[in-house]
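# Chain and residue survey
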Amino acid sequence: GVRAAWESLAEKKVDIDVLMVVGAVAAASIGHAEEGALLLFLFVLAGALEDMAMARTKREIEALHKLMPTEATVLRGGEWIEAAPESLVAGERVKIRPGQRAPADCRLVQGATEMDQSAITGESMPRVVKVGDELFAGTINLDDPVEAEVTRPAAESSLQKVLNLVTTAREQREPVQRTIDRLSGPYSIGVMALSAAVLLVWWLLLKRTFDDALYTAITLLIVGSPCALIIATPTATLSAIARGARAGVLFKGGQAIERLANIGAVCFDKTGTLTMGRPRLEQVHAVAWSEGKRLLSLAAAIEGESTHPIAAAVRDGAKARDLAPDTELSDITHTTGRGMTATWRGSEVRLGSTAHTDPVTPVCLRQRVHDVLKTIRERGQMGVVIAVGVDEEAIKSGRASDPSAEGVGEAAVLIMSDSVRPGARALVKELHAIGVKPVKMLTGDNRTTAERVAKSLGIDEFGADLLPQDKLDAVAALKEELKYKAQTKGGPVRGVAVIGDGVNDAPALAAADVSMAIGSIGSDAALESADIVLLADDLSAVPWAVKLARRARGTVRANLTFALSIIGVMGI
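## Regarding the overall build of the chain
Of regular secondary structure, the chain possesses 21 helices and 22 strands. Looking at the chain residue by residue over its 572 residues, the buried ones come to 48%. Counting only carbon and sulfur atoms, one obtains 56% of the accessible surface of the chain, whose full area is about 27,200 Å².

This is the structure:
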C-alpha cells in the first residue's frame, strides 16, 4: 500500500492508495496502530479479491495457450518432417495423426476423421470432417490419420484470434467501472477534505479534545474509503468473461456485457445464422418411369469437380444414400448461369435450370417437372433438374416408344433446402421467457422461403427481399419502437441486438446496440466487427449469453448497492 501511495504522489495524484495509507498512519499516530493495520489488511484483501478474479481469467488464457500446438508434421522436399507450427505457411501439406492437434488452420485434402473442437467452439460432440472441410488450430484428431493443407499461418489462426480477443477483453472495463476509476481521485481528495473539516469542527466548534476529534475524522476517512466500489465491477465482469470463454461465448469487454444485459429485442439474419447457409438434398423426385438412384448417381458424377454449394449438396446427398458417382460420363462441360452438360451411354445429360434441361427432357415429362418445381418453391425449397435425353440407337431401334427400355429419356427434380441451425427451434421461446420480444428475422431471401423459416421457428416478425440498407432501416425502426414503448409504458429504454455472420450484415451490426456473430470462428470480419462472438453453431448459446450478462449486471448492482450502503450508513 505504501509503495502504491508513493507512486501516486510521485505522479502528483491523490487516489485510494494515498487515502488508505493516510488513514492508517493517522490511526497509529493517536495510539491505535492495530486499527490502522486492520485497515491496511482489509484494503489489501480487497485488492487480493480483484487479483483473484484477474487470475481466474488469466488461467482461462493460459488454458488457451496450452491448446496451441507445439509440433507439426509437414511435407517438405518430398519427405515428411517434424517442424514448429510457427514455421508453417499457407499451402503446405501437413499430416495429423490420431491424438495430435491440428498445427494451424487448414483444409482436409485426404481422409476423413472426427475432430474434438470442444475447446474452441464449446461443442460437446466430436465433429465428423471429410475432404474439403476446414480444421481449426488446436483441435484434436480422434480417429484416423488425415492430411490437410494449411490455409493460414499459426500466428493468424482462429485459436490465436480467440486468445487475442480474450486478452483484450480483460483490459476493457464497463461504463460503471470507468466512471468509478475517473472519480476515484476527486472522491479521495473530497473524503480527505471532509475529514479535515470534521477534525476542525469537532475540535474548535464542538470543543472536543484533539485526540477525540482526530479519531472521529480518521473514522470518517476510513468509512468513506471507496475500495469496495473500486472492486465491485471488475470482479463480476472478469468472472463473466471467463465463464463465457469456457462456453464458447467471447465478450469483447465489460461494455458488451452491459449492453447485452439491456436488450429488449433481437434481429437475426437468416442464411448462415438461423440456417446453416448451405443447401442439403432432401429428396430425389423421379418423374414417371425415371430411376431416381441412377439419376442422382449421374448428378454426383457431373458435379464431381464443381465448388458450387449445390454441387456439394448433390455429392453429399449421393454419399449419404450410399450411391457412388457414375463412371460412364464423358465430355462434361459447364454453361455459366445455366448448368452442366455431359454424355452418358450415347445420351446427352443436363443438370441445372429448366431453361437448360428442357431441350433434352422428354416432351411428355416437361410439364410434370415444371409442376414439381412450382410446388416445392411454394414450400420455400429449391430444385435442380437432371434430365437424360433419348439416344440415337433407341430411336433407330424403336425402343424410344417403350418407357421401360434404356435410353428413352429420364428426368428428376433434386429437391433441396437450407436446414436450420441446432437450437433454432427452441430459440424464440427461450428469448420470450427472458423478456426479449419481438424476435425478428431480416433476410435478403425471397418472401416464400423467409415465411417458411419464420413460421417453423415461431419468429414474431420477418422482413424478406431486404438489401443491406433495408436491414439498417429495420434496425433503426425497431430501436425507435422500443424507445416509444419505454416512454408510453415507463421503464428503461431497451436495446436491440443484431445477430448475423459479420460480413454482409455489417451495416445492421454497426447500427445495433450490441452485435453478435455466430459460428464464425474462421471469419475475420465477424471477430473484428461483432461485440460478441459465439463460436459454436448452436443457437441456444444466445439466450444463455443474455442470462449470463444479466446475472453479471445483477451482481455488479448488488455489489455497488452494498458498498454505498455501508459507506452511507457508517458515515452518518
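Alright, that's what it looks like, and here's the rest.
## Side note on unusual backbone geometry
For the peptide bond that leads from K437 to P438, omega is 10 degrees, which places it in the cis range. Examined against the element boundaries, P438 turns out to sit in the loop between α16 (427-433) and β18 (439-442). Of note, the phi angle at K207 is positive, near 60 degrees, even though the residue is not glycine. Within the element layout of this structure, K207 appears in the loop between α6 (175-205) and α7 (210-223).

## As for the packing of helix α2 (residues 16-29) against α7
Where α2 contacts α7, the axes come no closer than 10 Å and their chain directions differ by 155 degrees. Classified by the interaxial angle, the pair formed by α2 and α7 is roughly antiparallel. Note on packing geometry: the crossing formed by α2 with α7 is left-handed. For the pair formed by α2 and α7, the contact residues are L19, V22, G23, A26, A27 and S29 on the first element and L214, I218 and L221 on the second. Residues belonging to the contact of α2 with α7 are distributed by class as follows: seven nonpolar, two polar and no charged.

## Considerations on a nonpolar patch on the surface
Together, L200, V201, W203, L204, L205, L206 and F210 give the surface a local cluster of nonpolar side chains, amounting to about 640 Å² of exposed area. With five residues, the single largest contributor to the nonpolar patch is α6. Here L206 is to be found in the loop between α6 and α7.

## Quick notes on empty space enclosed by the protein
Taken as a whole and assessed by the stated rule, the structure comprises three cavities of 30 Å³ or more. Taken as a whole, the second largest cavity encloses approximately 40 Å³ of empty space. For the lining of the second largest cavity, the secondary-structure elements that each account for two or more residues are β1 (72-76) and β3 (93-96).

## Quick look at helix α11 (residues 292-302)
Across the 11 residues that make up α11, a large majority, nine, are buried. Along α11, the residues that are buried comprise G292, L295, L296, S297, L298, A299, A300, A301 and I302. At the N-terminal boundary of α11, the capping side chain belongs to E291, with an oxygen 3.4 Å from the backbone nitrogen of K293.

## Topic: the sheet that holds strand β16 (residues 382-388)
Across the sheet, which stays open at both edges, the six strands sit in the order β12-β17-β16-β15-β14-β13 with antiparallel pairing between neighbours. The open sheet is flanked by β12 (275-286) and β13 (329-335), the only strands paired with a single partner. Neighbour-to-neighbour, the strand axes of the sheet open up by a mean angle of 20 degrees, direction not taken into account. As paired strands, β12 and strand β17 (residues 410-420) are joined by eight bridges and run antiparallel to one another. Bridging across to β17, Q283 finds its partner in I415. Most of the contacts of α11 go to β17, to which it runs at about 70 degrees, and overall it touches β12, β13, β14 (339-344), β15 (347-352), β16 and β17. Lying over the sheet, helix α14 (residues 363-378) contacts β12, β16 and β17, oriented at roughly 5 degrees with respect to β17.

## What about the sheet that holds β18?
Within the open sheet, the seven strands sit side by side as β10-β22-β21-β20-β11-β18-β19. Their pairing is mixed. Unpaired on one side and paired on the other, β10 (249-251) and β19 (461-463) mark the two borders of the sheet. For this sheet the average axis-to-axis angle between neighbouring strands, irrespective of direction, equals 20 degrees. Sheet analysis places strand β11 (residues 263-269) next to β18, joined by four bridges and oriented parallel. Paired with C267 across the two strands is K440, which belongs to β18. The sheet contacts of helix α9 (residues 254-261) involve β10, β11, β21 (514-518) and β22 (532-534), and relative to β21 the element is tilted by about 100 degrees. Where helix α17 (residues 447-457) meets the sheet, it contacts β18 and β19, and its direction lies at approximately 160 degrees from that of β19.

## What about the nonpolar core?
In this structure, F251, L260, F268, L431 and I532 are the most contacted members of the largest nonpolar core, which totals 42 residues. The element contributing the most residues to this core is helix α21 (residues 541-571), with seven residues. Among all residues touching L431, those that are not within four sequence positions of it are V266, F268, V436, V439, V542 and P543. Within the second largest apolar cluster, 24 residues are counted, among which are L295, L298, I386 and L414.

## Examining the pairing of β21
Counting buried residues in β21 gives five out of five residues, a clear majority hidden from the surface. Burial of the side chains of β21 extends over both faces: V514, M516 and I518 are buried on one face and S515 and A517 on the other. As paired elements, strand β20 (residues 495-500) and β21 share four bridges and run parallel to each other. Within the sheet, the bridge partner assigned to I499 lies in β21 and is M516. With three bridges connecting them, β21 and β22 associate as parallel partners. Looking across to β22, one finds that A517 is bridged to V533.

## Some words on α14
With 16 residues, α14 extends 24 Å from end C-alpha to end C-alpha; this agrees with the ideal 22 Å at 1.5 Å per step. Along α14, the residues classified as buried are L365, V369, V372, L373 and I376. Burial along α14 is one-sided: seen end-on, the buried residues are contained in an arc of 100 degrees. Facing away from the buried side of α14, by more than 90 degrees, are the exposed residues V363, Q367, K374 and E378. In this structure, the buried residues of α14 make contact with β12, α13 (354-357), β16 and β17. One or two residues past the end of α14 sits G380, with phi positive at roughly 85 degrees.

## Quick look at the packing of aromatic side chains
With the rule as written, the count across this model stands at one aromatic pair. The interplanar angle of 75 degrees and the centroid separation of 5.1 Å between the aromatic rings of W203 and F210 together place this pair among those described as edge-to-face. Among the residues examined, W203 registers a relative accessible area of 36% and is labelled partly exposed. A relative accessible area of 37% means that F210 is categorised as partly exposed.

What counts as what
- Residues numbered from 1 in each chain as written.
- Predicted model: local features only at pLDDT ≥ 70, side-chain atom pairs only at ≥ 80, totals over all residues.
- Heavy atoms only, no water.
- Helix = DSSP H or I, 4+ residues; strand = E, 2+ residues; numbered from the N terminus.
- Buried < 20%, exposed > 50% of the residue type's maximum accessible area, 1.4 Å probe, protein only.
- Areas by Shrake-Rupley, 256 points an atom, 1.4 Å probe, with all protein chains shown as cover.
- Axes fitted to C-alpha atoms, helices over the stretch in contact; angles between N-to-C directions.
- Parallel < 35°, antiparallel > 145°, perpendicular 65-115°, else oblique.
- Left-handed = near helix turned anticlockwise from the far one by under 90°.
- Contact = heavy atoms within 4.5 Å.
- Nonpolar A, V, L, I, M, F, W, Y, C, P; charged D, E, K, R; others polar.
- Patch = residues over 30% accessible without salt bridge, like charges linked within 9 Å, V, L, I, M, F, W, Y side chains within 5 Å.
- Salt bridge = Lys/Arg side-chain N within 4 Å of Asp/Glu carboxyl O.
- 1 Å grid on protein atoms, 1.4 Å probe; cavity = no way out; pocket = protein on both sides within 12 Å on 5 of 7 lines; lining within 4 Å.
- Points joined across faces, edges and corners; volume = space filled by probe spheres on them.
- Polar contact = N/O pair within 3.5 Å; in protein donor to acceptor, adjacent residues only side chain to side chain.
- Pairing = 2+ DSSP bridges.
- Core = buried A, V, L, I, M, F, W, Y, C linked by side-chain atoms within 4.5 Å.
- Expected span 1.5 Å × (residues − 1).
- Arc of directions from axis to C-beta.
- Phe/Tyr/Trp six-rings, centres within 6.5 Å; stacked < 30°, edge-to-face > 60°.

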